[in-house]
Amino acid sequence: MTEVRPPAGPSAALWERDEEVAAIARAVDTLCADRSSPGGLLVLRGEAGFGKTALLAETRRIAERRGCTVWSARGGETLRSVPFHVVRQLLQPALVPMLPEEAREYLGDWYDIAGPALGIADPGERNADPQGVCEGLVAAVRRLARRDWPLVLLIDDAHWADQETLHWLASFTERLADLSVLVVVARRPGEISGVSARHLDAVAAAADRPVTTLSALTPEATAGLTRATLGENADAAFCREVWAVTDGNPYETVELLAKVQDSALEPVEARAGELRDLNRSARGVGLVARLEQLGIDATRFAWAAAILGDDITVDLVTRLATLTPDAAARCAELLRTARILTVPDPAGAGSADLEFVHPLIATAVYDSIPDALRRAMHGIAARIVTDSGRGAASAARHLLEVHPEDDEELVRHLREAAREHLAVGAPDAARRCLERALEEPPRPEVHAQVLYELGCATFLTAPARTIGHLRAALGMPGLDGDRRVDAVVRLSQALLHNDQMEEAVRTVAAEAGRLEPGPAHLRLRAVQFMWEGLLADETGAPGRSERLAELAATCTGRDNSERALLILRGFDAMMRGENAEEVVEVCDRALVNGRLAPGLGWTDCEWGGELLLMLASAYAYTDRLDRAESLYNEALRAYETAGWSGGHLVLAHAYVGLGHRRRGRLEAAETSLRESLRLAERVGRGLPLYWTATCNLVDTLLARGHVDEAWATAERHGFAPPYPSTIVLPDPRSVRGRLLLAVGRTKDGVNELEAAEKAAAARGHHNPVHLFGAADLARALATEDPARAARLAVDVRRRAERFGTDTAIGEALRVAAALETGQRAVRLAAQAVTYLESSPCQYEHAAARVEYGILARSVPDLERGLALARSCGADGLVERAAEELGAGVGPR
């Protein structure tokens, strides 16, 4: 930091930045070394005017000299409410020149998801999932990076970037290790809070090296810069005063020295006292006074430019400032001469004619506009943008600033902007528009509609807010018919996601009680049964299964409400352990030619994915794994295609993993479940979907014989009481009980399994495959309480025979064999093998083969069990079978 000579770069703002420039050069060299080079990330942090922009410009020069492709973008203080604004600046120059079919080829399946956010494709009919859009943008840069290697991305003023861009940037920078792209981000410290701050913190955490914090110029460097600008005869006292009045701020130093040159001030100690006044004219109140000296027309021109924020064209400014073309041209020239506006760097994105010389100037000019006039100018700007055909979303940032005055048209435009924002995956931007519409306020006849739309906008990001908005909407006139039913269902879903299951049930039940029999009433009854069926504690719904069975018996599957009731009945019967063939028959009646009915797809919002997961799981636990896996995989494809990367994709991967686990493909199950848990971490811990991912992963690791890893996973992810208020498959108490037994905590394991049995009995759930606690409990009690163990084994077998699947009966026979000795144990184990050989659950078949081989001293059965265990990835079974074979199995 003692270097006082000017650096090789052309900018005076690069004084004392040799270390930073060298780091940038090394990062570019690493990028250019090879196409397989890992990506890099540099974060530059510094106060306003400390040279961040100059360092980015130097990065561009270094990179372009090395033959790199460089794309750049910049946040804007007045543009933070514009979703995807910065990422569009970054990527549009590469995408807009492409023909639509060429862009579709580069983006592939992500074109329809990321294209609307980038402004190169029309949005679809459904609201886009924000996480899916984020993933699509990551994929877009990945594919473009392969084409344009070596690629350098520069993002200036990231503290003013929109939230949607920062979401993408945080996700993208996490994955730079396997992507050859250099990203350089410049930001101020502080400035933002909340979600955007967390995204920027995540970016900093992903950087290759500690964040580079830029410091002010030293007195020595300021003196060197002063003499390089004004001449070597500038005396020491004058140089020290330059440093004192600017606090070593590089931008202010450069601007002050330019004004010294303009005013022909002699750089001697006698004139040093004039520097403070001269410096004040370059900032804040002094800048505003200097602007006013240029005349009212120039002031209006500058105000209009500050209102527009970016894409400042002389034509738009002329219209907003109500100037003649000749007057506007004169003002533009005056402001350029005064170093307030300048011509944009041609290497940058956009079609602007002008931009502010520095963000500090833009902020000062914007803040100088009288409040009432500023609001009025935003209103005029909104009209100009709308009249130019750019759409309500483009005008929305101006509409947000207009003073509320009971304007019906403004409410209409804001609602339209919210719809456009939702369509491209920007629910937070939609929320801002609708909250502003409520301030207007809306007319009484549309007030409830706006609240409903606001509730829908916050549904994915803030369930607690959604609850408040929808309750308010339902409490006032204006929501009728199907829209009111939709609002009630959406409210109940928000309550579910907020872990308020009992309230969700009460909400739907109360609305159903208000309606006469008909399609709407039947839909609400179906939703009520669905939420009741997911409650872990059903004490509030006595007789539910009987009522559901009676209602489903009248259903033929003629519409989706009836099909929903049939699915719910099938799932309930499966959980209760009723005859599996009858369960399958009920579920099949909910299909149309063996497929999901129109309107009951995975991405159809009327019913939600929970219902279809119940259908698939009913098949999974009745040994119809082909149908279950088909549905699980269909869900995964549907969500990935639609770009739904939040909770929906978490559950899809979890249930695909469950299908693999049931089938006995344990390695594939573990892969799917780890991906589910990775995504669940983003959505939030403690939610039912997080429990689903964790519970299935622990169960799969235990099946593989990876006990220590299962315990570590449970500890790391909070897999312990208290349990969630919703049902999780498989039963978490049973899985935790099995885990405790596996790690040697037998007493705790027995207590947990007893609690699992008690909870299941209270609900009337007796499926011995989903609720395997009784089977494990019988094994655990075999030594200390053999009589009770025998009673439990008999009960497990009775339930299995009632349910009637090969898996259930085979597993019950394995338990019985484990409690017996001699030839009776051998016969029971042989029967277990016979049943499980016909079951689709290959892990259980492998376990039964190994157990029979040990009891019967049968080498062929042990060898077959070993082969099955290997194909399943059941390492614990492999070791057990190999040990027995190695010990020399034979007759005793």
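Heads up: the structure comes first, above all this text.
Residues numbered from 1 in each chain as written. Predicted model: local features only at pLDDT ≥ 70, side-chain atom pairs only at ≥ 80, totals over all residues. Heavy atoms only, no water.

Engineer: Describe the overall build of the protein, and please don't skip the residues or the numbers.
Structural biologist: Along the backbone of the protein there are 44 helices and seven strands. Principal-axis analysis of the C-alpha atoms places the extent of the protein at approximately 110 × 70 × 50 Å. The burial tally for the protein puts 57% of its 892 residues in the buried class. The long-range share in the protein, meaning contacts at least 24 apart out of those at least 6 apart in sequence, stands at 67%. When the accessible area of the protein is evaluated, it comes to approximately 36100 Å², of which 50% is carbon and sulfur surface. Where the 102 positive side-chain charges of the protein centre and where its 128 negative ones centre are 3 Å apart. (Helix = DSSP H or I, 4+ residues; strand = E, 2+ residues; numbered from the N terminus. Buried < 20%, exposed > 50% of the residue type's maximum accessible area, 1.4 Å probe, protein only. Contact = heavy atoms within 4.5 Å. Areas by Shrake-Rupley, 256 points an atom, 1.4 Å probe, with all protein chains shown as cover. Lys, Arg positive; Asp, Glu negative; His and termini not counted. Charge placed at Lys NZ, Arg CZ, Asp CG, Glu CD.)

Engineer: Which residues make up unusual backbone geometry, and what values go with them?
Structural biologist: Put simply, Glu440 and Pro441 share a cis peptide bond, and its omega is -5 degrees. Inspection of the secondary structure assignment puts Pro441 in the loop between helix H21 (427–439) and helix H22 (444–457). A cis amide bond, omega 0 degrees, links Pro721 with the succeeding residue Pro722. Relative to the helices and strands, Pro722 resides in the loop between helix H35 (707–716) and helix H36 (732–742). With phi around 50 degrees, Thr322 is a residue other than glycine that occupies positive phi space. Mapped onto the fold, Thr322 is located in the loop between helix H15 (314–321) and helix H16 (325–337). One non-glycine residue with positive phi stands out, namely Arg857, at about 55 degrees. Counting through the fold element by element, Arg857 comes out in the loop between helix H42 (842–856) and helix H43 (859–872).

Engineer: Talk me through the environment of Ser72; I want residue IDs and the actual numbers.
Structural biologist: Here Ser72 lies in strand S2 (residues 69–74). In this structure, the C-alpha to C-alpha distance between Ser72 and Ala457, residues 385 residues apart in sequence, is 31 Å. There is a polar contact of 2.9 Å between the side chain of Ser72 and the side chain of Arg60. (Polar contact = N/O pair within 3.5 Å; in protein donor to acceptor, adjacent residues only side chain to side chain.)

Engineer: How would you summarise the packing of helix H40 (residues 806–818) against helix H41 (residues 822–837) if you had to cite specific residues and measurements?
Structural biologist: When two helices pack together, their arrangement is given by the angle between the helix axes and the distance between those axes. Interaxial distance between H40 and H41 falls to 8 Å at its minimum, and their mutual angle equals 165 degrees. The orientation of H40 relative to H41 falls into the category roughly antiparallel. The handedness of the crossing between H40 and H41 is left-handed. Listed contacts from H41 to Asp806, Thr807, Ile809, Gly810, Glu811, Leu813, Arg814, Ala816 and Ala817 of H40 are Ala825, Leu828, Ala829, Gln831, Ala832, Tyr835 and Leu836. Residues of the contact of H40 with H41, tallied by class, amount to ten nonpolar, three polar and three charged. (Axes fitted to C-alpha atoms, helices over the stretch in contact; angles between N-to-C directions. Parallel < 35°, antiparallel > 145°, perpendicular 65-115°, else oblique. Left-handed = near helix turned anticlockwise from the far one by under 90°. Nonpolar A, V, L, I, M, F, W, Y, C, P; charged D, E, K, R; others polar.)

Engineer: So what's going on with helix H6 (residues 130–148)? Which residues, and what values?
Structural biologist: For H6, spanning 19 residues, the distance from its first C-alpha to its last is 27 Å, which sits close to the expected 27 Å at 1.5 Å a residue. The buried fraction of H6 is high, at 15 of 19 residues. A side-chain oxygen of the first residue of H6 lies 2.9 Å from the backbone nitrogen of Gly132; this N-cap is Asp129. (Expected span 1.5 Å × (residues − 1).)

Engineer: If you had to explain the packing of aromatic side chains to someone new, which residues and values would you point to?
Structural biologist: Counted under the stated rule, the structure contains five aromatic pairs. Considering the side-chain rings of Trp168 and Phe172, the 5.4 Å spacing of their centres and the 20 degrees angle between planes classify their relative orientation as stacked. In this pair, Trp168 and Phe172 are both assigned in helix H7 (residues 163–173), four residues apart and thus about one turn of the helix distant. Overall, Trp168 belongs to the buried group, its relative accessible area being 0%. Between Trp602 and Tyr639 the ring centres are 6.3 Å apart and the planes differ by 80 degrees, which places this aromatic pair in the edge-to-face class. Taken together, the residues Trp602 in the loop between helix H29 (580–589) and helix H30 (609–620) and Tyr639 in helix H31 (residues 625–642) connect sequence positions 37 residues apart. An identical accessibility class is assigned to Trp602 and Tyr639; each is buried. Members of the aromatic cluster, joined through ring pairs, are Trp691, Phe719 and Tyr723. In this arrangement the basic side chain of Arg490 is found over the ring face of Phe459, its NZ or CZ atom lying 4.6 Å from the centre. (Phe/Tyr/Trp six-rings, centres within 6.5 Å; stacked < 30°, edge-to-face > 60°. Lys NZ or Arg CZ within 6 Å of the ring centre and 35° of its normal.)

Engineer: Tell me about the sheet that holds S2, residues and numbers included.
Structural biologist: The parallel open sheet is built from five strands, whose spatial order is S2-S3-S4-S1-S5. Because the sheet does not close on itself, it has two edges, and the strands there are S2 and strand S5 (212–213). When S2 meets strand S3 (residues 151–156), the two strands line up parallel, connected through six bridges. In the strand pairing of S3, Arg74 is matched with Asp156. Its contacts with the sheet put helix H1 (residues 18–33) on strand S1 (40–45), S3, strand S4 (181–187) and S5, and the angle it makes with S4 is roughly 155 degrees. Packing against the sheet, helix H2 (residues 52–65) makes contact with S1, S2, S3 and S4, and its axis sits at approximately 170 degrees to S3. (Pairing = 2+ DSSP bridges.)

Engineer: Give me the nonpolar core: which residues, what numbers.
Structural biologist: Trp531 and Tyr632 are the most contacted members of the largest nonpolar core, which totals 135 residues. Contact partners of Trp531, with chain neighbours within four places excluded, come to Ser492, Gln493, Leu496, Met501, Ala504, Val505, Val508 and Glu610. Residues Ala103, Ala121, Val138 and Ala140 belong to the second largest nonpolar core, which totals 53 residues. (Core = buried A, V, L, I, M, F, W, Y, C linked by side-chain atoms within 4.5 Å.)

Engineer: So what about empty space enclosed by the protein? Which residues, and what values?
Structural biologist: Taken as a whole and judged by the stated rule, the model has two cavities of 30 Å³ or more. Of the voids in this model, the largest cavity is the one considered here, and its volume is about 60 Å³. For the largest cavity, the full set of lining residues is Ser81, Val82, Pro83, Ala393, Ser394, Ala396, Arg397, Leu400, His421, Ala429, Arg432 and Cys433. Secondary-structure elements contributing two or more residues to the lining of the largest cavity are helix H19 (392–399) and H21. Here the lining of the largest cavity takes four residues from H19, the largest share from any one element. The class makeup of the residues in the lining of the largest cavity is seven nonpolar, three polar and two charged. For the second largest cavity, the calculated volume is near 50 Å³. Considering the residues around the second largest cavity, the lining is formed by Glu20, Ala23, Ile24, Leu42, Leu44, Arg209 and Thr212. Residue assignment for the lining of the second largest cavity shows that the elements contributing at least two residues are H1 and S1. Here the lining of the second largest cavity takes three residues from H1, the largest share from any one element. Residues belonging to the lining of the second largest cavity are distributed by class as follows: four nonpolar, one polar and two charged. (1 Å grid on protein atoms, 1.4 Å probe; cavity = no way out; pocket = protein on both sides within 12 Å on 5 of 7 lines; lining within 4 Å. Points joined across faces, edges and corners; volume = space filled by probe spheres on them.)

Engineer: Before we move on, could you go through the packing of H6 against H7 and cite the residues and values that matter?
Structural biologist: Two numbers describe how H6 lies on H7: the axes approach to 9 Å, and their chain directions differ by 55 degrees. Comparing their axes, H7 and H6 come out oblique. H7 is crossed by H6, and the crossing has right-handed handedness. Here Pro130, Gln131, Cys134, Leu137, Val138 and Val141 of H6 come into contact with H7, specifically with His167, Trp168, Ser171 and Phe172.

Engineer: Residues and numbers for H41, please.
Structural biologist: With 16 residues, H41 should cover 22 Å at 1.5 Å per step; its first-to-last C-alpha distance of 23 Å lies within 8% of that length. For H41, the complete set of buried residues consists of Ala825, Val826, Leu828, Ala829, Ala832, Val833 and Leu836. Angular distribution of buried residues about the axis of H41 spans 165 degrees; they occupy a single face of the element. Facing away from the buried side of H41 by more than 90 degrees, the exposed set consists of Gln823 and Thr834. Residues of H41 that are buried sit in contact with helix H39 (786–803), H40 and H42. (Arc of directions from axis to C-beta.)

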